[in-house]
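Architecture and fold: a report
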Amino acid sequence: MRTTLRPRKAAVTMTALTALTALALAACGTETRKDPGDPTSGPGLPLKGEEIEVAAVWTGPEQENFTKVLREFEKRTGATVTFVPAQDPIVNFLGTKIAGGSPPDVAMLPQVGAIRQAATQKWLKPVGPEAKAQLAAHYSPGWQQLGAVDGTQYGVYFKAANKSLIWYNTAVFENAGAMEPKTWKEFLTTAETISASGVTPVSVGGADGWTLTDWFENVYLSQAGPAKYDQLARHEIKWTDPSVAAALTTLAELFGKPALLAGGTSGALQTEYPVSVTQTFTGGDQPKGAMVFEGDFAAVNIAQTKAKIGTDAKVFPFPTVGGGTAPVVTAGDAAVALKDTKGAQALLAFLASPEAARIWAAEGGFLSPNKSLDPAAYPNDVQREIAKALIGAGDDFRFDMSDQMPQSFGGTPGKGEWKALQDFLKNPKDIAGAQARLEADAEKAYRAAAKS
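This text gives an overview of the structure that appears in the document. (Residues numbered from 1 in each chain as written. Predicted model: local features only at pLDDT ≥ 70, side-chain atom pairs only at ≥ 80, totals over all residues. Heavy atoms only, no water.)

What to know about the packing of helix α9 (residues 209–224) against helix α10 (residues 226–233)
Packing of α9 against α10 brings their axes to within 6 Å, and their N-to-C directions diverge by 135°. Looking at the two axes, α9 sits oblique to α10. Between α9 and α10, the contacting residues are Phe-216, Glu-217, Tyr-220, Leu-221 and Ala-224 on the first element and Pro-226, Lys-228, Tyr-229 and Leu-232 on the second. A per-class count over the contact of α9 with α10 returns 7 nonpolar, no polar and 2 charged. (Axes fitted to C-alpha atoms, helices over the stretch in contact; angles between N-to-C directions. Helix = DSSP H or I, 4+ residues; strand = E, 2+ residues; numbered from the N terminus. Parallel < 35°, antiparallel > 145°, perpendicular 65-115°, else oblique. Contact = heavy atoms within 4.5 Å. Nonpolar A, V, L, I, M, F, W, Y, C, P; charged D, E, K, R; others polar.)

Right, here's the structure in full:
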């Protein structure tokens, strides 16, 4: 999903305060709703009889929690909302639905590149005035820009992610006498210390190629810096650039030592992301891995174990690399309208409100870019601190690089960057070969995107 975003943080306006007051009244059950940005304004149930379909790739706990948000929207408006499970990549799924004449009313797109592609295909409807009012009141300029294409607002970022975190099993750290590392060098030393204590230090979900793109992006952002990151994200420099070689060389310091990876290289390549998390917090102080890298959303998977966040499971920022600053890589899911109906626009406006964010925040495994959401909505101190850090960064962040790229390169299982980095994990000595494959696939994808 992203680009260079460094405008000043917008102050909370009186409009935002008015919206918060109105939404609070709505939550208490009053029928007097005066906020023009609230889709449930006015007497009665304004969308009674309206049917809305929402497509997303979420499954399991994420689908369940999003459904709770949709149920609240139904209660407020009288509309009937149906969740439509979508396959990944969702753009291909939507293309099939549109070709068949039955697109959903709203879709949750997990990549900025997907928003651009869908807008270019003229599938999307611009965000209406109610949703725009919510965005202006509750979102920083950067998060608004991420949902816009050529100056037209299409997306409402409902769910965000801080993808610069490493979660760890506290019992293992205590037994090994390990400390939270701050630099990449310290991280490798910590891994060796844990290995010497008899526990494999790092769990990698290499079966899902997107986790490997996240490893690369955090190393690259810290080591090469924001300017290079933005250039590579836009393919203004090639994947054969020396800065890419440097980042892959850094990653090889971990990936090239199978003894540091849970299950070794072959095990990492066969481990899906959810398992990479749960196996870190299963087995007490003898798990299959002591640390796992991924975003705040790992809390959903940790919750499926007996580990308690804040005691058994803790988190530290991704370490700095090569003297650079600590990376802040974000991601997110944006709601877009494929039908210009009153119901679709009302749902976008609701998803942009702090009240909608509050519902999922209370369930955990969720981070909102909505700056008006009270941090108290999050279920524990760890998630509250992660949320405060995201909002506190304002627009000084970088969005997931692979999500900014054409989906055929940066967001398709078994192809492009996902496959090239899986091959690199299998053979981290072949840095030049990995760069050549990445550049060949990127050039092909960008050329095709320019023609579409």
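Some thoughts on the packing of α9 against helix α11 (residues 242–255)
The interhelical angle for the contact between α9 and α11, taken along N-to-C directions, is 120°, at an axis separation of 9 Å. Relative to α11, α9 is oriented oblique. Handedness of the crossing formed by α9 with α11: right-handed. Packed against α9, whose contacting residues are Leu-212, Trp-215, Phe-216, Val-219, Tyr-220, Gln-223 and Ala-224, the element α11 presents Ser-243, Val-244, Ala-246, Ala-247, Leu-248, Thr-250, Leu-251, Leu-254 and Phe-255 at the interface. In terms of residue class, the contact of α9 with α11 is made up of 13 nonpolar, 3 polar and no charged. (Left-handed = near helix turned anticlockwise from the far one by under 90°.)

A short note on the pattern of salt bridges
Applying the stated rule across the entire model yields 18 salt bridges. Here Glu-72 makes a salt bridge to Lys-75, at a shortest N to O gap of 3.3 Å. Placement of both Glu-72 and Lys-75 in helix α2 (residues 60–77) is noted, with a separation of 3 residues, approximately one turn of the helix. Residue classification places Glu-72 among the buried residues on the basis of a relative accessible area of 16%. With its nearest N and O atoms 3.7 Å apart, the salt bridge here joins Glu-355 to Arg-76. Taken as a pair, Glu-355 in helix α16 (residues 354–361) and Arg-76 in helix α2 lie far apart in primary sequence, 279 residues in all. By relative accessible area, which is 4% here, Arg-76 ends up buried. (Salt bridge = Lys/Arg side-chain N within 4 Å of Asp/Glu carboxyl O. Buried < 20%, exposed > 50% of the residue type's maximum accessible area, 1.4 Å probe, protein only.)

Thoughts on the side chain of Asp-241
Locating Asp-241 in the fold gives a position in the loop between α10 and α11. Since its relative accessible area comes to 17%, Asp-241 is described here as buried. Looking at Asp-241, its side chain comes within polar contact range of the side chain of Ser-243, at 2.6 Å. Setting aside anything within four residues of it in sequence, one finds Asp-241 in contact with Lys-228 and Gln-435. (Polar contact = N/O pair within 3.5 Å; in protein donor to acceptor, adjacent residues only side chain to side chain.)

Digging into the sheet that holds strand β9 (residues 291–293)
Pairing in this open sheet of 4 strands is mixed, and the strands run β8-β9-β7-β10 from one edge to the other. Single-partner strands in this sheet number two, and they are β8 (202–203) and β10 (313–317). When β8 meets β9, the two strands line up parallel, connected through 2 bridges. Within the sheet, the bridge partner assigned to Val-202 lies in β9 and is Met-291. (Pairing = 2+ DSSP bridges.)

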